[in-house]
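In case you want the letters, here they are:
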Amino acid sequence: MVEVLIERDDEGRVQVVTLYGDESPEGLAAATLVEAPVLGMKHYLHLDPEVSHEGSVLRFRVDRSDLFLDREIDAIMETMVLGLRALAQDRPGKVAVREVGLDVLV
C-alpha cells in the first residue's frame, strides 16, 4: 500500500510531505502528484524546498522563506492534497493519505 503523510503547521498550512511509495500504478501516480509541487516551487516560484529520496520514501519540506508567496504555495500544496485524496478515494486499500496537525482548517 502507498501512504502519503502530510504534516501541517498551527495555521493548517502544509509544511512536510512524505510519500511511502512503490512501483505499482498507484505508487507511480502518487509520486507524480507529490513531485509536481516540488517542481512548481522550484521552477515557477523560484524557491528551494528540501527534498530527500531514499529508496521508496520521498520527503520534502515546503520552502516558506518568502512570506509574500504563502497564497501561491498554499494553492500548489492544496491542489496536490486534493489530487491525492481523489486517488485514495478511487483506489481504496491501495492508497492512504494521512494528515497531522489539522487544528486549523485552511
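First, a word on what this report is: a plain description of the structure on this page. Quick caveat: nothing in here was measured; it's all calculated off a predicted structure.

## Let's talk about the sheet that holds strand β3 (residues 50-54)
Piece 1. Here we have five strands laid out as an open sheet, ordered β3-β4-β2-β1-β5, and mixed in their pairing. Edge positions in the sheet fall to β3 and β5 (95-100), since each has one partner strand and no second. The sheet shows a mean angle of 10° between the axes of neighbouring strands, direction not considered.
Piece 2. Here β3 runs beside strand β4 (residues 57-61); their pairing, made up of five bridges, is antiparallel. Each bridged residue has a counterpart across the sheet, and for histidine 53 the counterpart in β4 is leucine 58.
Piece 3. Those strands touched by helix α1 (residues 25-44) are β1 (2-8), β2 (14-20), β3, β4 and β5, and its axis lies near 25° from that of β4.
Piece 4. Lying on the sheet, helix α2 (residues 70-90) is in contact with β1, β2, β4 and β5; it crosses β5 at an angle near 140°.

## Regarding the pairing of β2
Piece 1. For β2, the buried fraction is high: six of the seven residues fall into the buried class.
Piece 2. Alignment of β1 against β2, held across six bridges, turns out to be antiparallel. Residue valine 4 lies in a different strand from β2, and its bridge partner there is leucine 19.
Piece 3. Where β1 folds back onto β2 in an antiparallel hairpin, the turn is made up of five residues, including glycine 12, whose phi is positive at roughly 85°.
Piece 4. Pairing between β2 and β4: five bridges, direction antiparallel. Bridging across to β4, threonine 18 finds its partner in arginine 59.

Reading the values: the criteria
- Each chain has its residues counted from 1, following the order in which its sequence is written.
- Totals for whole chains, interfaces and linings use all residues, but because this is a predicted model, local features are given only for residues with pLDDT of at least 70 and pairs of side-chain atoms are given and counted only at 80 or more.
- Hydrogens and waters are ignored; side-chain quantities use all the structure's heavy atoms.
- Should DSSP find at least two bridges between two strands, the strands are regarded as paired.
- Comment: elements are numbered from the N terminus, with helices defined as DSSP H or I runs of at least four residues and strands as E runs of at least two.
- Here an angle of 0 to 180 degrees is reported between the N-to-C directions of two axes, which are lines fitted to C-alpha atoms, with helices fitted over the stretch in contact.
- What makes two residues a contact is simply this: any of their non-hydrogen atoms within 4.5 Å.
- Burial status follows relative accessibility: with a 1.4 Å probe on protein chains alone, a residue under 20% of its type maximum counts as buried, one over 50% as exposed, and anything between as partly exposed.

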